[in-house]
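Here are the chains, one letter per residue:
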Amino acid sequence: MEFIQTRGCDENRPQSVTFSQAILSPIASFGGLYVPETLPKLGLEFLNKHLDSSYKELAADMLSSFEIDIEQSVIDEALSLYDNFDDSKNPVPVIKLKENLFVSELYHGPTRAFKDMALQPFGHILSSVAQKRNENYLILAATSGDTGPAALETFKNKKNIQVVCMYPANGTSDVQRLQMVTEEASNLKVIGIKGNFDDAQSALKNLLSSKSFEKTLKEKNILLSAANSVNFGRIIFQIVYHLHNYLELVRQGSTKMGDKAYINVPSGNFGNVLGAYYAMLMGLPVEKLIIASNENNILTRLIKTGIYDMRNQELILTTSPAMDILKSSNVERILFDLYGSERTKELMHDLDTKKVYTLTSGELLKLQKIFVADFSNDNEGKEYIKNSFKDGYLMDPHTATCFKAYESCAIKDIDTIIYSTAEWTKFSPVIANALTGEENAQDIVALESISKEANVKIPSMIKKLFNKTIIHKNIIEKDTIEKEILDFL
């Protein structure tokens, strides 16, 4: 399968590239992204075939349908990393909350967040490709809290790979920060920046497209790539669990094969729901894709009005920090699929230069045939956490944003899958406040309080964080990021 470019092709790049080329150099012409030239059509025949398959068997067959240029032995090794999740036989449990409402728990990997689902296998594949080509890569990651720990975990001590992870100094939970700043591997560098996630992501995209930075790295015999969901190597693995979740509804007898369901995703950078969108195009029976946002509800406004407007909007720091994003990179891939490369280039140019773009009425109708959206504020989220706990289910603040969207958007009497993207341990002060009313508790105090209240164990990989040495202490101005990276190299 070949990959093409969302904003068209300039004279410096080929019209299309292979999967390995797309993951090694993820930024395309004019600052665009790579997308599959075509998507495999799977449909009900594929789903029926995998009704009794393991997660790894499902993933292997889906990857095979993309015909990517990665050796099967490397893919098998990458998928075997799911054996290290809490339950090797079922890395993604789907839990029934009540009639027609289910939660997909995507956080049972090593860093307790859904990013492990893609980054664990992706890291192995990218490192293997780099070694096979005898090339050295600098992997950049910008994080709002979960991509960073997952990227560092998957790439630590990998041959031919160095990683620089940028995070907003005051924009993550303590657990997320500790997961990053205590990493010891010599090929990892973690940088706190004085700014927000959008600043970190803008720095990443600027460096990926900077000719001078690329030239400086080449002089050091280093090439450049990224671990964010701008990289399609992340997205391809995020398609799998949407297929798995639907099969779980069928296995549990709640949905008949072929009946549609709602997919309800807490959304920041739009990669998670993009995987669901591609799964739908490939034949997954989906009624609507429900986008749940927090108070940074720029995506809700886009889907309701057709206007993506960043003018005069300050990023709000919320209790669901992984969604504190204004410029969602993967929306671009949706624009390309719906409206083509020329229109996508025009819209993204407007966003880059004017901080706003407006869809036509016809374009908005196309978008609304697929997506619906709503948002909740922090207080509403805490109420959902509290009420859900009374009903016997403990969840994090990101998952909580889905419940208001479920109530307002899932209008048909069919199954809805809510996507739980992080374990409660990563945001314990917020949850403790929701459950017991305690204010400003430190993470370790809140963890122990919830553990006692809910009668659940704190996973060892979380508990150990508070006794580890902080290795990465630098917090810098965003305009000194490039110098900091080059000093590390």
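Refer to the structure above for everything that follows.
Residues numbered from 1 in each chain as written. Predicted model: local features only at pLDDT ≥ 70, side-chain atom pairs only at ≥ 80, totals over all residues. Heavy atoms only, no water.

**With respect to the sheet that holds strand E10 (residues 286-293)**
Reasoning step 1: Taking strand neighbours across the sheet as the criterion, the 6 strands line up as E3-E4-E14-E9-E10-E13 in an open arrangement whose pairing is mixed. Single-partner strands in this sheet number two, and they are strand E3 (94-98) and strand E13 (371-375). Across the sheet, the axes of successive neighbouring strands diverge by a mean angle of 25 degrees, strand direction being ignored.
Reasoning step 2: Where strand E9 (residues 261-266) meets E10, 5 bridges bridge the pair, whose relative direction is parallel. Within the sheet, the bridge partner assigned to alanine 261 lies in E10 and is valine 286.
Reasoning step 3: Helix-sheet contacts for helix H11 (residues 271-281) involve E9, E10, E13 and strand E14 (416-420), and the interaxial angle to E10 is about 170 degrees. (Pairing = 2+ DSSP bridges. Helix = DSSP H or I, 4+ residues; strand = E, 2+ residues; numbered from the N terminus. Axes fitted to C-alpha atoms, helices over the stretch in contact; angles between N-to-C directions. Contact = heavy atoms within 4.5 Å.)

**Details of helix H7 (residues 174-181)**
Reasoning step 1: Of all 8 residues in H7, 6 are buried; the element is thus mostly enclosed.
Reasoning step 2: Of the residues making up H7, those classed as buried are Val175, Gln176, Leu178, Gln179, Met180 and Val181.
Reasoning step 3: Contact partners of the buried residues in H7: helix H6 (147-155), strand E6 (161-168), strand E7 (188-194), helix H19 (443-454) and helix H20 (460-463). (Buried < 20%, exposed > 50% of the residue type's maximum accessible area, 1.4 Å probe, protein only.)

**Description of the pattern of salt bridges**
Reasoning step 1: Taken as a whole and assessed by the stated rule, the structure comprises 26 salt bridges.
Reasoning step 2: Glutamate 153 serves as the salt-bridge partner of lysine 156, at 3.3 Å between the closest nitrogen and oxygen.
Reasoning step 3: Residue lysine 156 is classed as partly exposed on the basis of its relative accessible area of 31%.
Reasoning step 4: Between glutamate 484 and lysine 189 there is a salt bridge, with the nearest N and O atoms lying 3.5 Å from each other. Of this pair, glutamate 484 sits in helix H21 (residues 481-488) while lysine 189 sits in strand E7, placing them 295 residues apart in sequence.
Reasoning step 5: Among the residues examined, lysine 189 registers a relative accessible area of 15% and is labelled buried. (Salt bridge = Lys/Arg side-chain N within 4 Å of Asp/Glu carboxyl O.)

**Comments concerning the layout of surface pockets**
A probe matching the size of a water molecule, rolled over the atoms, marks out where space remains unfilled.
Reasoning step 1: By volume, the largest pocket amounts to about 1000 Å³.
Reasoning step 2: Around the largest pocket sit 36 residues that line it, and Arg13, Ile27, Ala28, Leu208 and Ser209 are the ones nearest its centre.
Reasoning step 3: Sorting the residues of the lining of the largest pocket by element identifies helix H1 (19-24), helix H8 (197-208), helix H9 (211-219), strand E8 (223-226) and helix H14 (341-354) as the ones contributing at least two each.
Reasoning step 4: The leading source of residues in the lining of the largest pocket is H8, at 6 residues.
Reasoning step 5: Taken as a whole, the second largest pocket spans an internal volume of roughly 440 Å³. (1 Å grid on protein atoms, 1.4 Å probe; cavity = no way out; pocket = protein on both sides within 12 Å on 5 of 7 lines; lining within 4 Å. Points joined across faces, edges and corners; volume = space filled by probe spheres on them.)

**Remarks on the state of the cysteines**
Reasoning step 1: Enumeration according to the criterion identifies 0 disulfides in this entry.
Reasoning step 2: The structure places no disulfide on cysteine 402, whose sulfur is separated from the nearest cysteine sulfur, that of cysteine 409, by 11 Å.
Reasoning step 3: Residue classification places cysteine 409 among the buried residues on the basis of a relative accessible area of 11%. (Disulfide = S-S within 2.5 Å.)

**Some points on the environment of threonine 416**
Reasoning step 1: Summarising the element assignment, threonine 416 is placed in strand E14.
Reasoning step 2: Given the relative accessible area of 0%, threonine 416 is considered buried.
Reasoning step 3: Placed 128 residues apart in sequence, threonine 416 and lysine 288 show a C-alpha to C-alpha distance of 9.7 Å.
Reasoning step 4: Beyond its immediate sequence surroundings of up to four residues, threonine 416 is in contact with Asn100, Leu101, Phe102, Tyr262, Asn264, Tyr406 and Ala410.

**A look at the environment of alanine 279**
Reasoning step 1: Assignment of secondary structure puts alanine 279 in helix H11.
Reasoning step 2: Here the alpha-carbon distance between alanine 279 and isoleucine 239, two residues 40 residues apart in the chain, equals 5.8 Å.
Reasoning step 3: Apart from residues no more than four positions distant in its own chain, alanine 279 is found in contact with Ile239, His242, Leu243 and Leu284.

**Some thoughts on the nonpolar core**
Reasoning step 1: If you look at the biggest cluster of nonpolar residues, it comprises 146 residues, and the most contacted ones within it are Met62, Tyr277, Leu367 and Phe371.
Reasoning step 2: For this core, the element with the highest residue contribution is helix H10 (residues 232-251), accounting for 12 residues.
Reasoning step 3: Ignoring any residue separated from it by four or fewer positions in sequence, one finds tyrosine 277 in contact with Leu289, Ile334, Asp337, Leu338, Ile370 and Phe371.
Reasoning step 4: Leu138, Ile191, Leu224 and Ile476 belong to the second largest nonpolar core, which has 25 residues in total. (Core = buried A, V, L, I, M, F, W, Y, C linked by side-chain atoms within 4.5 Å.)

**Let's talk about the packing of aromatic side chains**
Reasoning step 1: Under the definition given, this model contains 12 aromatic pairs.
Reasoning step 2: Both rings, one in phenylalanine 3 and one in phenylalanine 19, keep their centres 5.9 Å apart while their planes meet at 50 degrees; by these two values the pair is tilted. Of this pair, phenylalanine 3 sits in strand E1 (residues 3-5) while phenylalanine 19 is found in helix H1, placing the two residues 16 residues apart along the sequence. You'll find phenylalanine 3 and phenylalanine 19 in the same group, each marked buried.
Reasoning step 3: With centroids separated by 5.2 Å and ring planes inclined at 80 degrees, the aromatic side chains of tyrosine 55 and tyrosine 82 adopt a geometry described as edge-to-face. Note that tyrosine 55 is positioned in helix H3 (residues 55-66) and tyrosine 82 in the loop between helix H4 (72-79) and E3, a separation of 27 residues in sequence. The burial state of tyrosine 55 is the same as that of tyrosine 82; both residues are buried.
Reasoning step 4: Site record: aromatic cluster; members linked through ring pairs are Phe3, Phe19, Phe232, Phe270, Tyr277, Tyr278 and Phe371.
Reasoning step 5: Above the plane of the ring of phenylalanine 30 lies lysine 345, whose end atom (NZ or CZ) is 3.7 Å from the centre. (Phe/Tyr/Trp six-rings, centres within 6.5 Å; stacked < 30°, edge-to-face > 60°. Lys NZ or Arg CZ within 6 Å of the ring centre and 35° of its normal.)

Note that every value here comes from positions in space, so none of it alone points to a role or purpose.
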